[in-house]
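Fold and geometry: a report
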Amino acid sequence: APAPPPAQHLFTDPAEVEALRGRLLAWYDECKRDLPWRTLAATEADADRRAYAVWVSEIMLQQTQVATVIDYYNRWMQKWPTLQALAQASLEEVNELWAGLGYYSRGKRLQEAARKVVSELAGQMPRTAEDLQKLLPGVGRYTAGAIASISYGQATGVVDGNVIRVLCRLRCIGADSSSPAVIDRLWDMANALVDRSRPGDFNQALMELGATVCVPKAPLCGECPVKQHCRAQRKKLFGKLTPVPDVEDCGVGGCPLCPPATEPWDSSLGVTNFPRKAAKKQPRTARTATCVLERRGCHGAPEYLIVQRPSSGLLAGLWEFPSLPLAQGLQEEKQREVLADHLRAWTGWPVVAGGLRFIGEVVHIFSHIHQTYVVYSLPLDGDVTLDPALSPSRWVTEEEFLTSAVSTAMKKVL
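Residues numbered from 1 in each chain as written. Predicted model: local features only at pLDDT ≥ 70, side-chain atom pairs only at ≥ 80, totals over all residues. Heavy atoms only, no water.

To continue, consider the overall build of the chain. For the chain, the helix and strand inventory stands at 16 helices and seven strands. With the principal axes as the frame, the chain shows a C-alpha extent of 80 × 50 × 40 Å. By the burial criterion, 48% of the 414 residues in the chain qualify as buried. Pairs at least 24 residues apart make up 67% of the contacts formed inside the chain by residues separated by at least 6 positions. Accessible surface for the chain amounts to roughly 20200 Å². Of this, 54% is attributable to carbon and sulfur atoms. (Helix = DSSP H or I, 4+ residues; strand = E, 2+ residues; numbered from the N terminus. Buried < 20%, exposed > 50% of the residue type's maximum accessible area, 1.4 Å probe, protein only. Contact = heavy atoms within 4.5 Å. Areas by Shrake-Rupley, 256 points an atom, 1.4 Å probe, with all protein chains shown as cover.)

Below is the structure:
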């Protein structure tokens, strides 16, 4: 078994832990942002309704900024104020409201979990982090901890990107913060730190600190309520003035939490030396031919044909213009031919490559894909009836298109 990390990286002094808790909670009470899910969770007497509000907000906030989420959250809670209301909604309705928020599987899993609570758990939310994670699809360790601590008062910690940054700076943890071994240590630390009487507020305070003060670049160290507990800040102030190891330095070879020897402290970076992450994997590139089929509607306004994507995979269940993945390196003329063949087989219309008008290219960056849509248009004089077995399809006006469950990328295409 690996050796435990030296005490310099941990919170081993009970008096220091108690002081840190008090300072952080006092700061949170005075400085926390006014966010709709916090207001609802604080005013809602029913614990399960609090849990639902927190759950929705946490799922929406995964990989999405607070400013973007607020409007989506308010519309969601207005449409489905309870877990039972969400369970009765259709996936199409969920996708329509989620459109533009990205990572669409989050909304799908949220609704699946709501239906499970209603149909299999008698409408009662699990009340511990362990049961939430075990019983609800799409609820991982962090979300389970947030719901259990904020809604049910369980003294369990949380670790998200903000918490990782705060803890790594507080204790000069410079090992790869995305590695499982370091993440486990951070969870141990979060569980040890969490305030037993106000666990939900403490967890939110730790996340709030990372989101507003202990930010990735140019952190506001002068405004930090726990700066006297921060070893990265102390290291920044005093540095290494002599070859003698500082009292706050680990000094233990092979420490699992220290920065690697090949990446020493950079005094120009200060506290932003921490956390350190492994280099991000470059997103793969992909090209897709997309054709906007257009006809004149009964009132003279243009209508567009959209089709539904498969129920699994990227952008599952969303609607899009007819599209076809392209092999790498195809010349433009060959792209037209491939797309025309696809449309002929799909619609039964005598589509010829020369009839496709090249409009341009749209680039959209997914988390793991650098996607280029090669956009063509094709005006039609009549209706197109597609085989429902191939893919559900429908004609929509521009207004209908924009309110449908379509991705941001397809809105760019239009």
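Having put the structure on the table, let's press on.
Another aspect to go through is the domain arrangement of the chain. A common way to state how big an interface is: give the accessible area lost once the parts meet. In terms of domains, the chain is made up of domain 1 (7-273) and domain 2 (284-412). One C-alpha centre belongs to domain 1, the other to domain 2, and the line joining them spans 40 Å. Summing both partners gives a buried area of about 810 Å² for domain 1 against domain 2, and 47% of it is carried by carbon and sulfur. Among the residues domain 1 hides against domain 2, the three largest losses belong to E92, N95 and Y104. Together they make up 51% of the total. For the pair domain 1 and domain 2, the number of links is one salt bridge. Its salt-bridge partner being E92, residue R394 comes within 3.8 Å of it at the nearest N-O pair. The interface formed by domain 1 and domain 2 contains two residue pairs in polar contact (both at pLDDT 80 or more). The greatest single-element share of the side of domain 1 that touches domain 2, amounting to three residues, is contributed by helix 6 (residues 91-98). (Domains from an automatic or database assignment. Buried area = accessible area lost by both parts, 1.4 Å probe. Salt bridge = Lys/Arg side-chain N within 4 Å of Asp/Glu carboxyl O. Polar contact = N/O pair within 3.5 Å; in protein donor to acceptor, adjacent residues only side chain to side chain.)

Attention now goes to empty space enclosed by the protein. Gaps left between atoms show up when a probe the size of a water molecule is rolled over them. Per the counting criterion, the structure on display carries one cavity of 30 Å³ or more. Its boundaries defined by the atoms lining it, the largest cavity holds a volume of some 140 Å³. For the largest cavity, the lining is made up of 15 residues, of which R169, C214, C221, C224 and C230 are closest to its centre. For the lining of the largest cavity, the element with the highest residue contribution is helix 10 (residues 161-170), accounting for three residues. When grouped by side-chain class, the residues that make up the lining of the largest cavity number twelve nonpolar, one polar and two charged. (1 Å grid on protein atoms, 1.4 Å probe; cavity = no way out; pocket = protein on both sides within 12 Å on 5 of 7 lines; lining within 4 Å. Points joined across faces, edges and corners; volume = space filled by probe spheres on them. Nonpolar A, V, L, I, M, F, W, Y, C, P; charged D, E, K, R; others polar.)

This part covers the side chain of T290. Within the secondary structure layout, T290 lies in strand 1 (residues 284-296). In this structure the side chain of T290 is engaged in a polar contact, spanning 3.1 Å, whose partner is the side chain of S323. What T290 contacts, discounting residues up to four positions off in sequence, is F321, P322, S323, Y373, V374, V375, Y376, M410 and V413.

Quick look at the confidence of the model for the chain now. Of the residues in the chain, 92% have a pLDDT of 70 or more, and the chain-wide mean is 89. Low pLDDT (under 50) marks residues 240-247, which in the prediction has four contacts with non-local residues, meaning those over four places away or in another chain. (pLDDT = per-residue confidence, 0-100.)

Below, the discussion takes up the pattern of salt bridges. Summed over the entire model, instances satisfying the criterion amount to 18 salt bridges. Salt-bridge contacts for D71 lead to R75; the nearest nitrogen and oxygen are separated by 3.3 Å. With D71 and R75 both in helix 4 (residues 66-79) and four residues apart, the pair spans about one turn of that helix. A relative accessible area of 34% means that R75 is categorised as partly exposed. The closest approach of N and O atoms between K334 and E337, which form a salt bridge, is 3.9 Å.

Looking now at the side chain of R50. By the element assignment, R50 lies in helix 3 (residues 47-61). Despite its burial, R50 pairs with no opposite charge; the closest candidate is E44, at 6.6 Å N-O. Looking at R50, its side chain comes within polar contact range of the main-chain oxygen of A45, at 3.2 Å. Those residues within four positions of R50 in sequence are excluded, and the remaining contacts are A41, E44, A45, I150 and S151. (Lys, Arg positive; Asp, Glu negative; His and termini not counted.)

This part takes up the environment of L110. With respect to the helices and strands, L110 occurs in helix 7 (residues 105-120). Given a relative accessible area of 2%, L110 falls into the buried group. Note: C-alpha distance between L110 and Y72 (38 residues apart in sequence) is 14 Å. Not counting residues up to four positions away in its chain, the partners in contact with L110 are W55, V56, I59, W76 and L86.

Below, the discussion takes up the UniProt feature "domain: HhH-GPD" (unreviewed entry) in the chain. With numbering aligned to this structure, UniProt lists the feature "domain: HhH-GPD" (unreviewed entry) at residues 60-212. Along residues 60-212 the backbone is 67% helical and 0% strand, and the end-to-end C-alpha distance reaches 19 Å. (UniProt positions renumbered as here; feature names shortened; annotations may be inferred.)

In this section: the nonpolar core. One finds Y52, W55, M60, W76, M125 and L209 to be the most contacted residues of the largest nonpolar core, which totals 105 residues. With ten residues, helix 3 is the single largest residue contributor to this core. When residues of this core are sorted by domain, at least three fall in each of domain 1 (7-273) and domain 2 (284-412). Those residues in contact with W76 that sit more than four places away from it in its chain are Y52, V56, M60, L86, V94, L97, W98 and L110. (Core = buried A, V, L, I, M, F, W, Y, C linked by side-chain atoms within 4.5 Å.)

Inspection of the entire model under this criterion finds zero disulfides. Free of any disulfide, C224 has its nearest neighbouring cysteine sulfur in C214, separated by 6.4 Å. (Disulfide = S-S within 2.5 Å.)

In this section: helix 2 (residues 36-43). All buried positions along helix 2 are accounted for by W37, R38 and A41. Buried residues in helix 2, looked at end-on, bunch into an arc of 100°, giving them a common side. Elements that come into contact with the buried residues of helix 2 comprise helix 1 (14-31), helix 3, helix 4, helix 9 (141-152) and helix 12 (199-212). (Arc of directions from axis to C-beta.)

For the rest of this paragraph, the subject is the packing of helix 2 against helix 4. Helix 4 packs onto helix 2 with a crossing angle of 50° between their chain directions and a minimal axis gap of 9 Å. Comparing their axes, helix 4 and helix 2 come out oblique. Of the residues in helix 4, those touching helix 2 at P36, W37 and L40 are V66, V69, I70, Y73, N74 and M77. Along the lines of polarity and charge, the residues of the contact of helix 2 with helix 4 split into eight nonpolar, one polar and no charged. (Axes fitted to C-alpha atoms, helices over the stretch in contact; angles between N-to-C directions. Parallel < 35°, antiparallel > 145°, perpendicular 65-115°, else oblique.)

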